[in-house]
Structures are given as C-alpha cells and as structure tokens.
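Fold and contact review
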Amino acid sequence: MNETATLPIERIAQAIVVIRGQKVLLDEDLAALYGVETRRLNEQVRRNAERFPTDFMFQLDDAEYAALISQIATSKPGRGGRRKLPLAFTEHGAIMAATVLNSPRAVEVSVYVVRAFVRLRETLASNQKLAARLDALEQKTELLSLQHETFSHNTRAQLKQVFEALRQLMAPPDDPPKRPIGFVTDEKKSRDKG
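Parameters and conventions
- Residues numbered from 1 in each chain as written.
- Predicted model: local features only at pLDDT ≥ 70, side-chain atom pairs only at ≥ 80, totals over all residues.
- Heavy atoms only, no water.
- Helix = DSSP H or I, 4+ residues; strand = E, 2+ residues; numbered from the N terminus.
- Buried < 20%, exposed > 50% of the residue type's maximum accessible area, 1.4 Å probe, protein only.
- Pairing = 2+ DSSP bridges.
- Axes fitted to C-alpha atoms, helices over the stretch in contact; angles between N-to-C directions.
- Contact = heavy atoms within 4.5 Å.
- Patch = residues over 30% accessible without salt bridge, like charges linked within 9 Å, V, L, I, M, F, W, Y side chains within 5 Å.
- Areas by Shrake-Rupley, 256 points an atom, 1.4 Å probe, with all protein chains shown as cover.
- Salt bridge = Lys/Arg side-chain N within 4 Å of Asp/Glu carboxyl O.
- Arc of directions from axis to C-beta.
- Polar contact = N/O pair within 3.5 Å; in protein donor to acceptor, adjacent residues only side chain to side chain.
- Phe/Tyr/Trp six-rings, centres within 6.5 Å; stacked < 30°, edge-to-face > 60°.
- pLDDT = per-residue confidence, 0-100.

1. Some words on the overall build of the chain
Helix and strand counts for the chain come out as 7 helices and 4 strands. Along its sequence from the N terminus, the chain presents helices and strands in the succession α-β-β-α-α-β-α-β-α-α-α. Buried positions account for 28% of the 194 residues belonging to the chain.

2. Topic: the sheet that holds strand β2 (residues 22–26)
The 4 strands are arranged β1-β2-β4-β3 in an open sheet whose pairing can be described as antiparallel. The open sheet is flanked by β1 (17–19) and β3 (57–59), the only strands paired with a single partner. Ignoring strand direction, the axes of neighbouring strands in this sheet form an average angle of 50 degrees. As paired elements, β2 and strand β4 (residues 87–89) share 2 bridges and run antiparallel to each other. Along β4, the bridge assignment pairs leucine 25 with phenylalanine 89. Helix α6 (residues 104–170) rests against β2 and β4 of the sheet, and its axis sits at about 150 degrees to β2.

3. Structural notes on a nonpolar patch on the surface
On the surface, Leu159, Val162, Phe163, Leu166 and Leu169 cluster together into a nonpolar patch covering about 500 Å² of accessible area. With relative accessibility at 44%, the residue phenylalanine 163 sits in the partly exposed group.

4. Considerations on helix α4 (residues 62–71)
Among the residues of α4, Glu64, Tyr65 and Leu68 are the ones counted as buried. Along α4, the residues classed as buried sweep out an arc of 95 degrees about the axis, all on the same side. In α4, the exposed residues that point more than 90 degrees away from the buried face are Asp62, Ala63 and Ser70. Considering only its buried residues, α4 is in contact with β1, β2 and β3. Backbone nitrogen of alanine 63 and a side-chain oxygen of the N-cap are separated by 3.2 Å at the start of α4; the cap is aspartate 61.

5. Quick word on the packing of aromatic side chains
Taken as a whole, this structure holds 1 aromatic pair when the rule is applied. A ring pair is formed by phenylalanine 52 and phenylalanine 89, whose centres lie 6.1 Å apart and whose planes are at 80 degrees; its orientation type is edge-to-face. In this pair, phenylalanine 52 is assigned in the loop between α3 (38–47) and β3 and phenylalanine 89 in strand β4, connecting sequence segments 37 residues apart. Exposure remark for phenylalanine 89: the relative accessible area of 0% places this residue in the buried category.

6. Considering unusual backbone geometry
Positive phi, close to 55 degrees, is recorded for arginine 20, a residue that is not glycine. Looking at where arginine 20 falls in the secondary structure, it is placed in the loop between β1 and β2.

7. What to know about the confidence of the model for the chain
Averaged over all residues, the pLDDT of the chain equals 79, while 85% of them reach at least 70. Per-residue pLDDT stays below 50 along residues 1–7; that stretch engages in 5 contacts with residues further than four places along the chain or on separate chains.

8. Observations regarding the side chain of glutamate 91
Mapped onto the fold, glutamate 91 is located in helix α5 (residues 91–101). A relative accessible area of 14% means that glutamate 91 is categorised as buried. If we skip the residues at most four places from it in the chain, glutamate 91 touches Lys23, Val114, Phe117, Val118 and Arg121.

Here's what the structure looks like:
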C-alpha cells in the first residue's frame, strides 16, 4: 500500500467520532474531505432527505454538541462559528453524501472514507480479540494461583506432620525404670520400693 493511500485513511480515521454509539463523520469534516463547503454539503443532503434515513445521518442535539465542543477544538457559538447543530454521517451516510454531491473528488474520497471505517472496524475487532485473550489469560492465572495456594496449604500441612513425626522420634522414650540385671532378693525388692 503506498503512502498517498495511507495518509488520507489515517486523516479520515482521526476525524471519525463516536456519537450515540455509532462511528460518524461530522458534516464539516466530511465537507472538507469532499472538497466542498459545509453549507453546500448540508444543502444537498436536505434536498435529498429521502436518501438519508436516521441510520445514515442524524443531527446532533445541544447536549451532544456541547460535549463535542469540550472534546475537540471547535469554534464557540457567537464568534463566527456554527449557527446550526452539525449533522453526523455514518459510513453509509458518508457514501450517500458523495453520490448527492456528484463531484469527482467526492467519489474518489468516498473510497477512502469506506476504507477508514473498515480499518476502524478491524482495529476494534482486533482489540476485542486481544481483550478476550487477556481475560482468558487472567482467568487462567487466577486458577493457577488458587491451585498453587491449595497445593501450598496442603504441602505445609503435610510438612507439619512430617516434622511432628520426626520430633516424636527424636524425643527420649518415657520407659519405666529398667530392672536390674542379676539376682534380686525379696529383701532388696522391699528396700527399693520403700
């Protein structure tokens, strides 16, 4: 893949944001990519509203726009900035916008837009696979840790039994006094007892 093809895809991917749980391009970013003014893009979209159902395009509400302003550098209202809330285009909406603009640049760049969305999906899928593998590894580690703790506890208990048995073997026996060797008379027996 050559660098000229990679650069636009990276630039487009950086412009994609998540709003309402969907990956979208804002109208001003899409217009810049397609080489038209934002108002011209929005005019064509409004003229062809039937081509843009809510799963292709939607308008941000005040709260979403305020959150977006705090996240990215956009001009503030009242300072020559936007007068209307921006439109957000999903992957399909961005392609449809290229068809209603009907300019060679829009058609050319729409291919890169699709590739950027595909790359984001692949990255997300890759990250999800990695996260799943990480979770599985964490569970295995926990299981091994529990098994080790159980093994360690059992080993300590067994070693304790071994040490106790060794101590018992090392202790002097508590035998009764030994009988003297040889002949013992009854008189001597009674003296030793008394």
